[in-house]
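Fold and geometry: a report
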Amino acid sequence: MISGATRLAGVIGDPVRHSLSPAIHNAAYAATGLDWVYLALPVGEERLGEALSGMVALGIDGLSVTMPHKARAAEYCDELTPAAEALGVVNSLRRQGARLVGHNTDGSGFVTALANNGWSSSIRSAVVVGAGGTARAITHALGAAGAHRVTVAARRARAGDSVAALAGPAGEARPLGEMGAHQWREADLVVNTTPVGMAGSALPNGSLVPVELLRSDAVVADVVYHPRVTPMLSAAAAAGHRCLGGVDLLLGLSAEVFTWWTGQAAPLEAMRGAVLAQLDGSGG
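Before going into details, it helps to say that this report is about the structure given with it.

**Quick look at the packing of aromatic side chains**
For the structure shown, the criterion picks out three aromatic pairs. On the numbers, 6.1 Å between centres and 35° between planes, the contact of Tyr38 with Trp261 is tilted. Of the two residues, Tyr38 is situated in strand β2 (residues 36-42) and Trp261 in helix α10 (residues 246-262); the sequence distance between them amounts to 223 residues. With respect to burial, Tyr38 and Trp261 carry one shared label: buried. Among the aromatic side chains, those forming a connected cluster through ring pairs are Tyr29, Trp36 and Phe258.

Pasting the structure below:
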């Protein structure tokens with residue numbers, strides 16, 4: 001029951017009413033008995049500064065940040081965690097008194113999702129397809145977690161170079177069109193960070209990964225969660241690969257945010273049940 005002691009969190013973005021985060025976080029609060037509530041809060045680009053000032057003024061404890069605010073929100077923070085500082089973008093904010101701390105769990109949440117599914121990034125070779133914000137976060141996190149090679153395969157060579165640098169010495173970039181069969185075959189992990197395969201995208205039935213060239217023991221991951229099984233994941237599962245879908249990755253980063261805000265371990269099964277119910281109810 002919401003009371004005067006209930007603590008408030010939420011997600012800001014534009015648009016944001018479609019977000020699965022309220023279902024995920026409110027299920028986590030219910031499972032752990034925390035007196036918190038999480039809301040979707042539409043905020044236009046021109047109102048971001050006012051919204052973040054309001055976070056302090058209203059005593060909102062935590063905010064998730066989604067498009068189009070991830071980069072600009074970092075400018076309003078009094079402090080950034082190492083991951084957020086390295087990437088220059090935030091996906092979550094925590095209020096500490098009158099100060100705002102910015103964090104980015106897109107990458108660490110991906111590593112958490114891998115660990116939750118029994119895979120370690122240590123001394124492994126990965127291919128990250130794409131060069132956007134999610135690719136930046138995942139590449140940085142894989143490098144930090146000890147992957148010995150992280151190949152960024154992007155259609156834009158200059159963007160790929162910039163992303164690969166975030167993995168440190170482990171990073172390398174190759175134009176997607178120049179990836180040879182041996183480069184795909186060496187990968188222990190391949191992750192698509194592009195919208196290709198997403199319902200409503202320009203290429204909803206497409207895939208940028210030649211699954212037939214991968215080793216049989218390679219893990220195949222896709223950040224897209226609508227549909228739950230993308231064309232790439234469908235082909236990978238049919239070939240016998242272990243697969244991680246966008247739901248697994250969304251749960252990983254949400255769990256990281258939940259723990260960062262509350263100090264408690266995330267109830268993953270309750271969170272998973274909530275997001276699957278939400279997707280099933282929306283036809284996703």
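Continuing now.
**Focus: the sheet that holds strand β9 (residues 171-175)**
Pairing between the strands of a sheet comes from backbone hydrogen bonds, and it takes one of two forms, parallel or antiparallel. Taken in spatial order, the six strands of this open sheet run β9-β8-β7-β10-β11-β12, and their pairing is parallel. The sheet is open, and its two edges are formed by β9 and β12 (242-244), each paired on a single side. Averaged over all adjacent pairs, the angle separating strand axes in this sheet is 20°, with direction ignored. Here strand β11 (residues 219-222) runs beside β12; their pairing, made up of three bridges, is parallel.

**Section: empty space enclosed by the protein**
Taken as a whole, this structure holds one cavity of 30 Å³ or more when the rule is applied. There is about 40 Å³ of room inside the largest cavity. Listed by contribution, the elements that provide at least two residues to the lining of the largest cavity are α5 (106-116), α10 and α11 (268-281). Per-element tally for the lining of the largest cavity: the top contributor is α10, with three residues. Taken together, the residues of the lining of the largest cavity break down into three nonpolar, three polar and two charged.

**Regarding the sheet that holds strand β3 (residues 62-65)**
Within the open sheet, the six strands sit side by side as β2-β1-β3-β5-β6-β4. Their pairing is mixed. The open sheet has two edge strands, β2 and β4 (79-80), and neither has a second partner. In this structure, β3 lies alongside strand β5 (residues 92-96), joined through three bridges in antiparallel fashion. Bridge pairing in β5 places Ser64 opposite Ser92. This element, helix α2 (residues 48-58), spans β1 (7-13), β3, β5 and β6 (99-103) of the sheet and lies at about 40° to β5. Sheet strands touched by α10: β1, β2, β3, β5 and β6. Its angle to β5, the strand with the most contacts, is close to 5°.

**Things to note about helix α6 (residues 133-144)**
The end-to-end C-alpha distance of α6 is 17 Å, a good match for the 16 Å that 12 residues give at a rise of 1.5 Å each. All of the buried residues along α6 are Ala135, Ala137, Ile138, Thr139, His140, Ala141 and Leu142. Gly146 sits one or two residues past α6 and shows a positive phi near 105°.

Reading the values: rules and limits
Sequence order as written defines the numbering, with residues in each chain counted from 1. The predicted nature of this model means local features are confined to residues of pLDDT at least 70 and side-chain atom pairs, given and counted, to a pLDDT of 80 or more, with totals for whole chains, interfaces and linings taken over all residues. Side-chain measures here rest on the full set of heavy atoms in the structure, leaving out hydrogens and waters. Stacked, tilted and edge-to-face are the three classes applied to pairs of Phe, Tyr and Trp rings, where Trp contributes its six-membered ring and a pair requires centres within 6.5 Å; stacked means planes under 30 degrees apart, edge-to-face means over 60, and tilted covers the rest. In this description a helix means any DSSP run of H or I spanning at least four residues, a strand means any run of E spanning at least two, and both kinds are numbered starting from the N terminus. Exposure classes here rest on a 1.4 Å probe applied to the protein chains alone. A residue is buried below 20% of its type maximum, exposed above 50%, and partly exposed in between. Only strands joined by at least two bridges in the DSSP assignment are considered to pair. Between the N-to-C directions of two axes lies an angle of 0 to 180 degrees, each axis being a line fitted to C-alpha atoms and, for a helix, fitted only over the stretch in contact. Using a grid of 1 Å spacing that covers the protein atoms alone, one calls a set of points a cavity when a 1.4 Å probe fits there but cannot get out, and a pocket when the set is open and has protein on both sides within 12 Å along at least five of seven lines; lining residues are those with an atom within 4 Å of a point. Grid points are joined across faces, edges and corners, and a volume is the space filled by probe spheres set on the points. Polarity classes work like this: nonpolar for Ala, Val, Leu, Ile, Met, Phe, Trp, Tyr, Cys and Pro, charged for Asp, Glu, Lys and Arg, and polar for all others, with Gly in that last group. Two residues form a contact once any of their heavy atoms are found within 4.5 Å. To estimate the expected span of a helix, count its residues, drop one, and scale the result by 1.5 Å.

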